[in-house]
Amino acid sequence: MTVNVLVILMALIGLLGLGISLGVYAHAGPLLKRGVRTSARCVAIGQVAAGSMLLLEYTPQDGPARQYTVGPYVFPPVQVGGRLDVIYDPKRPQEVSLPERLPKGTRGLVVVMAVSGAVLVASVTWIVIVVRG
């Protein structure tokens, strides 16, 4: 591989890492900061090619009941009528996650964003210098 192909590949990796970490941070950050834990009831189980999808229903403190789909599971952790804990954002109750699917904190995400951004900037700078040079 030539240096130019490697630099373009590094730019794409940096962009992908930055995009994924920003997306996770945007979803997980508010849930980690102000999330409210509540119990959700499984109201239905559906089948997809990869396994079972659970339809969970939870009720935010200041609003009507909401539903959240989670899965796929090879072995669902609950059956219809069973309960699972969820965490939702009280400012945006449609933002919800299972506690075990959230990162422990945002420090690692910030580090990944910074490293990915630095790789992206360095790669783009290299590309611009090579194109102009």
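That block above? That's the structure.
Remember, it's a predicted structure, so these values are computed and weren't measured experimentally.

(A) Main features of the pattern of salt bridges. This model, assessed by the stated rule, comprises 4 salt bridges. Taking the shortest distance from any N to any O, the salt bridge between Arg-41 and Glu-57 comes out at 3.9 Å. Of this pair, Arg-41 sits in strand S1 (residues 36–48) while Glu-57 sits in strand S2 (residues 51–58), and the two are 16 residues apart along the sequence. Judged by relative accessible area, Arg-41 falls into the partly exposed class, the value being 34%. Note on Glu-57: relative accessible area 28%, which makes it partly exposed. One salt bridge in this structure joins Glu-95 and Arg-92, with 3.8 Å as the shortest N-O distance. Owing to a relative accessible area of 21%, Glu-95 belongs among the partly exposed residues under this scheme.

(B) Seen up close, the side chain of Ser-123. Assignment of secondary structure puts Ser-123 in helix H2 (residues 107–132). Apart from the residues lying within four places of it in its own chain, the contact partners of Ser-123 are Val-7, Met-10 and Ala-11.

(C) Representation of the nonpolar core. The biggest cluster of nonpolar side chains holds 15 residues, and the ones touching the most others in it are Leu-54, Leu-56, Tyr-58, Tyr-68, Val-70, Val-86 and Leu-98. Looking at this core, the elements with two or more residues in it are S1, S2, strand S3 (66–73) and strand S4 (83–89). Beyond its immediate sequence surroundings of up to four residues, Tyr-58 is in contact with Thr-38, Ser-39, Ala-40, Ala-65, Arg-66, Gln-67, Tyr-68, Val-86, Tyr-88, Pro-93, Gln-94 and Val-96.

(D) Representation of the sheet that holds S4 in the model. Across the sheet, which stays open at both edges, the 5 strands sit in the order S3-S2-S1-S4-S5 with antiparallel pairing between neighbours. A strand with exactly one partner marks an edge of an open sheet, and here the two such strands are S3 and strand S5 (92–97). This sheet shows a mean twist of 45° between the axes of neighbouring strands, independent of strand direction. Relative to S5, S4 is paired through 3 bridges, and the arrangement is antiparallel.

(E) Quick look at the environment of Pro-60. Its place among the elements puts Pro-60 in the loop between S2 and S3. Take Pro-60: its relative accessible area is 6%, and that puts it in the buried class. For the pair Pro-60 and Leu-15, spaced 45 residues apart in the sequence, the C-alpha separation amounts to 36 Å. Dropping the residues within four chain positions of it, Pro-60 is found in contact with Arg-66, Tyr-88 and Pro-93.

Reading the values: rules and limits
- Residues numbered from 1 in each chain as written.
- Predicted model: local features only at pLDDT ≥ 70, side-chain atom pairs only at ≥ 80, totals over all residues.
- Heavy atoms only, no water.
- Salt bridge = Lys/Arg side-chain N within 4 Å of Asp/Glu carboxyl O.
- Helix = DSSP H or I, 4+ residues; strand = E, 2+ residues; numbered from the N terminus.
- Buried < 20%, exposed > 50% of the residue type's maximum accessible area, 1.4 Å probe, protein only.
- Contact = heavy atoms within 4.5 Å.
- Core = buried A, V, L, I, M, F, W, Y, C linked by side-chain atoms within 4.5 Å.
- Pairing = 2+ DSSP bridges.
- Axes fitted to C-alpha atoms, helices over the stretch in contact; angles between N-to-C directions.

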